[in-house]
Amino acid sequence: MSGVMKRMGMIFRAKANKALDRAEDPRETLDYSYQKQLELLQKVRRGVADVATSRKRLELQLNQLQGQSTKLEDQGRKALALGREDLAREALSRRAALQQQVSDLETQHTTLQGEEEKLTLAAQRLQAKVDAFRTKKETIKATYTAAQAQTRIGEAFSGISEEMGDVGMAIQRAEDKTAQLQARAGAIDELLASGALDDHSGLAKDDIAAELDRISGGTDVELELQRMKAELAGGSSSQQAIEGGAADRQDDAQSSGTPNKFDKS
Amino acid sequence: MIVRIMGEGQVKLADSHLAELDKLDDELLAEINADDGDGFRRTFHALLDKVRELGEPVPDDSLEPSGLILPAPGATLEEVRALLSDDGLIPSP
């Protein structure tokens, strides 16, 4: 691409780069450009003033020449009245030369006037452009500042919300943990109440209970032993009773024999 | 590619459209060089219309550098020529 778009882009970029070399802040660059435009406008205005001054000078010259021309005309008239035709001719020929100069100056004056009008118009248009640039520049600067602020606010805000999120998570975790513990405690209570879980709490009290149990258990064992012995003892006599007379008799014989031996009766 | 129309703002153009615009752009440059005022106006407005038609406007609050720059719609041949001169609208430091 080598057309208008490309060339303009290159010109603008070159200018932007030059400007950026000096100031990285686009707001400064814009201000710099605006300053340059003002200087340019000042140059154009100075040009307009120069042209106007030249025009004025021409007008003065023209007036002088017109004055001289009128004077020569009068002199010619007077010379003719005095019968000096030669002098009148001289005056009129000088006047003719002056008229030629006047005509040339008038052409120059017209040209200068045209230039001046064009320059004035150009200055006005440039003024409008510079004004528009100033407005645009302020808008861009404001947008840039706002964008910067927005970025900062955004960063700060996201930072804050992240922190808030962390705090929220911590609270959530604490709440979850509490709820979990409460639920567990509740469940344990229920399980203990239902008897599905042994209560291992309050062991000191249970030591006594265990000792008492042990003691009472021991007593029971003794009692049980005695009961069993008694049973055994009782059992043998009943067995003897069941088994009948031989044994009885044997026993009787023995007992009778023995007691008999020792029977005093 | 971002294209700026001066005084109007920016539009985003797909690269596939650039060849089409390039033709008009080259025509425009030839007309400026040939001092062809009528041709310049015709081609210039055709180019701007094409850019507006094919492009998608870039939001005003977005700050993106332009790949291509076009003069304002009201620009005359002389003004564009002045813009293309070394000094351009923004004078060199």
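Residues numbered from 1 in each chain as written. Chains lettered and ligands numbered in written order. Predicted model: local features only at pLDDT ≥ 70, side-chain atom pairs only at ≥ 80, totals over all residues. Heavy atoms only, no water.

*Asks:* Could you give an account of the overall build of chain A, naming the residues involved and the relevant values?
*Replies:* Regarding its fold elements, chain A presents five helices and zero strands. Beginning at the N terminus, the succession of helices and strands in chain A can be written as α-α-α-α-α. Residues counted as buried form 18% of the 265 residues belonging to chain A. Restricting the contact set of chain A to residue pairs at least 6 apart, pairs at least 24 apart contribute 76%. When the accessible surface of chain A is split by element, carbon and sulfur atoms take 56% of a total near 19,500 Å². (Helix = DSSP H or I, 4+ residues; strand = E, 2+ residues; numbered from the N terminus. Buried < 20%, exposed > 50% of the residue type's maximum accessible area, 1.4 Å probe, protein only. Contact = heavy atoms within 4.5 Å. Areas by Shrake-Rupley, 256 points an atom, 1.4 Å probe, with all protein chains shown as cover.)

*Asks:* Tell me about the side chain of R55 of chain A, and please be specific about residues and values.
*Replies:* Residue position: R55 of chain A is located in helix 2 (residues 26-81). Beyond its immediate stretch of four places on either side in the chain, R55 of chain A contacts H109, L112, Q113 and E116 of chain A.

*Asks:* Describe in detail the sheet that holds strand 2 (residues 9-12) of chain B, supporting the description with residues and values.
*Replies:* Residues and elements named next belong to chain B. Ordered in space as 3-2-1-4, the four strands form an open sheet in which the pairing is mixed. Two strands close off the open sheet at either side, each with one partner strand: strand 3 (56-57) and strand 4 (68-70). Where strand 1 (residues 2-5) meets strand 4, three bridges bridge the pair, whose relative direction is parallel. If you follow R4 over to strand 4, its bridge partner there is I69. (Pairing = 2+ DSSP bridges.)

*Asks:* Let's hear about the packing of helix 1 (residues 18-33) of chain B against helix 3 (residues 77-84) of chain B: which residues, and what values?
*Replies:* Residue and element names in this part refer to chain B. Viewed as axis vectors pointing N to C, helix 1 and helix 3 meet at an angle of 100 degrees, and their least axial separation amounts to 10 Å. For the element pair helix 1 / helix 3, the angle class is roughly perpendicular. Along its contact with helix 1, which presents L29, E31 and I32, the element helix 3 presents L77, V80, R81 and L84. In terms of residue class, the contact of helix 1 with helix 3 is made up of five nonpolar, no polar and two charged. (Axes fitted to C-alpha atoms, helices over the stretch in contact; angles between N-to-C directions. Parallel < 35°, antiparallel > 145°, perpendicular 65-115°, else oblique. Nonpolar A, V, L, I, M, F, W, Y, C, P; charged D, E, K, R; others polar.)

*Asks:* Please give an account of the nonpolar core that cites residues and values.
*Replies:* Looking at soluble globular proteins, one finds that nonpolar side chains tend to be buried together. Counting residues in each nonpolar core, the largest one holds 28 residues, and the members touching the most others are V4 of chain A together with V3, V51, L70 and L84 of chain B. Within the residue set of this core, elements represented by two or more residues are helix 1 (4-22) of chain A together with strand 1, helix 1, helix 2 (37-54), strand 4 and helix 3 of chain B. The greatest single-element share of this core, amounting to six residues, is contributed by helix 1 of chain B. Look past the residues within four positions of V51 of chain B in its chain and what remains in contact with it is V3, I5, V11, L13, L21 and L70 of chain B. Counting 10 residues, the second largest nonpolar core, distinct from the first, contains L58, A91, L98 and V102 of chain A. (Core = buried A, V, L, I, M, F, W, Y, C linked by side-chain atoms within 4.5 Å.)

*Asks:* Pulling in residues and values, what's your account of helix 1 of chain B?
*Replies:* Residue and element names in this part refer to chain B. Compared with the 22 Å implied by 1.5 Å per residue over 16 residues, the 22 Å span of helix 1 between its first and last C-alpha is a close match. L18, L21, D22, L24, D25, L28, L29, E31 and I32 are the residues of helix 1 that are buried. Looking one or two residues past helix 1, D35 carries a phi angle of roughly 60 degrees, positive in sign. (Expected span 1.5 Å × (residues − 1).)

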